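# Descriptive analysis of the structure
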Amino acid sequence: MPEPAANPSPDSGATPADAGAPRAHPHSATLRRLEKSSGSLAAQAIARMDETLPWYRAMPPENRSWIGLVAQAGIAAFTEWFRHPDAPQAISTDVFGTAPRELTRAITLRQTVEMVRTTIEVMESAIDEVAAPGDESVLREALLVYAREIAFATAQVYAQAAEARGAWDARLESLVVNAVLSGEADEGAVSRAAALGWNSPEHVCVVLGTAPDGDSELTVEAIRRAARHAKLQVLTGVLGDRLVVIAGGSDNPLAVAKALIGPYAAGPVVAGPVVPDLLAATKSAQAAAAGLKACSAWQDAPRPALADDLLPERAIAGDPAAREQLVEEIYRPLEEAGSALLETLSVYLEQASSLEGAARMLFVHPNTVRYRLRRVTDVTGWSPSDVRSAFTLRIALILGRLADGDPQS
């Protein structure tokens, strides 16, 4: 009996007749039926969304059209995924790449999840009709795995959109903060702030201090958390080594600074005066910046400090706004109140804050000096008997005399 022919070895050069033929899909019948049903499944998904999702019915036709394309792309991507289940699939590109980026702003993540769920439910309900006999469980399992992948793809698309939007918002916010700090705030800055959610609160102030080392985004987020807890609106940013916060919603700048002080690095923190709106916030920012610069001259300065509490140091450091404020808010009111108040205050300060010494120099009773000093406090808000206030009053007198050109100054 002749021996059977041996199987050809890989090195013999002999190949089977069908070696070059494409490998048949193990579920080719189901695949063909799935391809033929893609259009009707997409139409059923759109009809189901129109029937069950009120937000879909309320959308403009253009957006509904884009959502329809996404549903069709999702079914087509599943068909291709079923054809090559082992091949890596870029589902987010296949499905969501058909829609413009603006669609992520038009519909929320929750609405997108509802859209995907509705489409998957339609496909699942059609499994018995689409699958070839015996392939029902295979198609159902494939759809289950695909649904998991499409869920991850949905999350990725919205995460990328949120990151891009966050980066753009951060850049926009930095432009607004820089405009306020540099004195270039205009209506454009107000419009950009409005785009960031700033709703024009009545009271605005600027808080300045040193930014901590590390990730500036974490610092900004910490400021936002503190602001939410204090029920404040904020625009914030790290400019160089400074942490700048524009805060709205409170007429108490010291309370604002105390509420937001946590994320600042060690060192002085200064709050500018309250102003009526964002356009005027430049005045608050400049006062806070001048106070931060002059804070080293007052070693016992509180933390945080008010820019107005640093008026004498700011004036000595050359801040023209502080000099003008001291003259206009202290010297001029005393001048208008009568020469007796100016004279009494000047003599009292020269006599080392001694009531008796001032009374002797003025040839009046000490009670008269005491009364006039109370009037000084009423007029200026600064008490001559307080050491810190006395220093501020002395600087104001000097600047007022210089402004008047008094030769005795």
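Note that this is a predicted model, so its numbers are computed, not measured. (Residues numbered from 1 in each chain as written. Predicted model: local features only at pLDDT ≥ 70, side-chain atom pairs only at ≥ 80, totals over all residues. Heavy atoms only, no water.)

## Here we look at the side chain of Glu114
Position of Glu114 relative to the elements: it lies in helix H6 (residues 109–125). Among the polar contacts made by the side chain of Glu114, one reaches the side chain of Trp55 at a distance of 2.6 Å. Apart from residues no more than four positions distant in its own chain, Glu114 is found in contact with Leu53 and Trp55. (Helix = DSSP H or I, 4+ residues; strand = E, 2+ residues; numbered from the N terminus. Polar contact = N/O pair within 3.5 Å; in protein donor to acceptor, adjacent residues only side chain to side chain. Contact = heavy atoms within 4.5 Å.)

## Description of the packing of helix H15 (residues 339–350) against helix H16 (residues 355–362)
Running from N to C, H15 and H16 point in directions that differ by 125°, and their axes come no closer than 8 Å. Relative to H16, the element H15 lies oblique. Crossing angle aside, the handedness with which H15 passes H16 is right-handed. The segment H15 lies against H16, with Glu343, Thr344, Val347 and Tyr348 engaging Leu355, Ala358, Met361 and Leu362. Partitioned by chemical class, the residues of the contact of H15 with H16 number six nonpolar, one polar and one charged. (Axes fitted to C-alpha atoms, helices over the stretch in contact; angles between N-to-C directions. Parallel < 35°, antiparallel > 145°, perpendicular 65-115°, else oblique. Left-handed = near helix turned anticlockwise from the far one by under 90°. Nonpolar A, V, L, I, M, F, W, Y, C, P; charged D, E, K, R; others polar.)

## With respect to H15
When the terminal C-alpha atoms of H15 are compared, their 16 Å separation across twelve residues agrees well with the 16 Å that a helix rising 1.5 Å per residue should span. In the core, the buried residues of H15 are packed alongside helix H14 (320–337), H16, helix H17 (366–380) and helix H18 (387–404). Ala352 sits one or two positions beyond H15 and adopts a positive phi of about 55°. (Expected span 1.5 Å × (residues − 1).)

## Some details on the sheet that holds strand S4 (residues 269–271)
Strand order in the open sheet formed by five strands is S2-S3-S1-S4-S5, and the pairing between neighbours is mixed. The two strands at the open ends of the sheet, each matched to only one other strand, are strand S2 (233–239) and strand S5 (305–306). Looking at chain direction, S2 and strand S3 (residues 242–248) are connected through seven bridges and run antiparallel. Following the sheet pairing, Val238 is matched in S3 by Leu243. Where helix H11 (residues 253–260) meets the sheet, its contacts fall on strand S1 (204–210), S2, S3, S4 and S5, and the angle it forms with S1 comes to roughly 45°. (Pairing = 2+ DSSP bridges.)

## A closer look at the side chain of Thr79
Along the polypeptide, Thr79 turns up in helix H3 (residues 61–83). The exposure class of Thr79 is buried, given its relative accessible area of 6%. Excluding its chain neighbours within four sequence positions, the residues that come into contact with Thr79 are Leu31, Leu34, Glu35 and Ser38. (Buried < 20%, exposed > 50% of the residue type's maximum accessible area, 1.4 Å probe, protein only.)

## With respect to the packing of aromatic side chains
One pass over the full model with this rule turns up three aromatic pairs. Seen in terms of ring centroids, Trp55 and Tyr56 are 6.3 Å apart; in terms of plane orientation they differ by 85°. Their pairing is edge-to-face. Per residue, the accessibility class of Trp55 equals that of Tyr56, and both read buried. Taking NZ or CZ as reference, Arg388 lies 3.6 Å from the ring centre of Trp298, over its face. (Phe/Tyr/Trp six-rings, centres within 6.5 Å; stacked < 30°, edge-to-face > 60°. Lys NZ or Arg CZ within 6 Å of the ring centre and 35° of its normal.)

## Quick notes on a negative patch on the surface
Together, Glu184, Asp186, Glu187 and Asp277 line one region of the surface with negative charge. Tracing the chain through its elements places Asp277 in the loop between S4 and helix H12 (281–294). For Asp277, a relative accessible area of 34% translates into the label partly exposed. (Patch = residues over 30% accessible without salt bridge, like charges linked within 9 Å, V, L, I, M, F, W, Y side chains within 5 Å. Areas by Shrake-Rupley, 256 points an atom, 1.4 Å probe, with all protein chains shown as cover. Salt bridge = Lys/Arg side-chain N within 4 Å of Asp/Glu carboxyl O. Lys, Arg positive; Asp, Glu negative; His and termini not counted. Charge placed at Lys NZ, Arg CZ, Asp CG, Glu CD.)

## Some thoughts on the confidence of the model for the protein
Parts of the model with low pLDDT should not have their predicted coordinates read in detail. Within the protein, residue pLDDT values average 83, and 84% of them lie at 70 or more. Predicted confidence is poor over residues 1–21, with pLDDT under 50, and the contacts of this stretch with residues over four places away or in other chains come to two contacts. (pLDDT = per-residue confidence, 0-100.)

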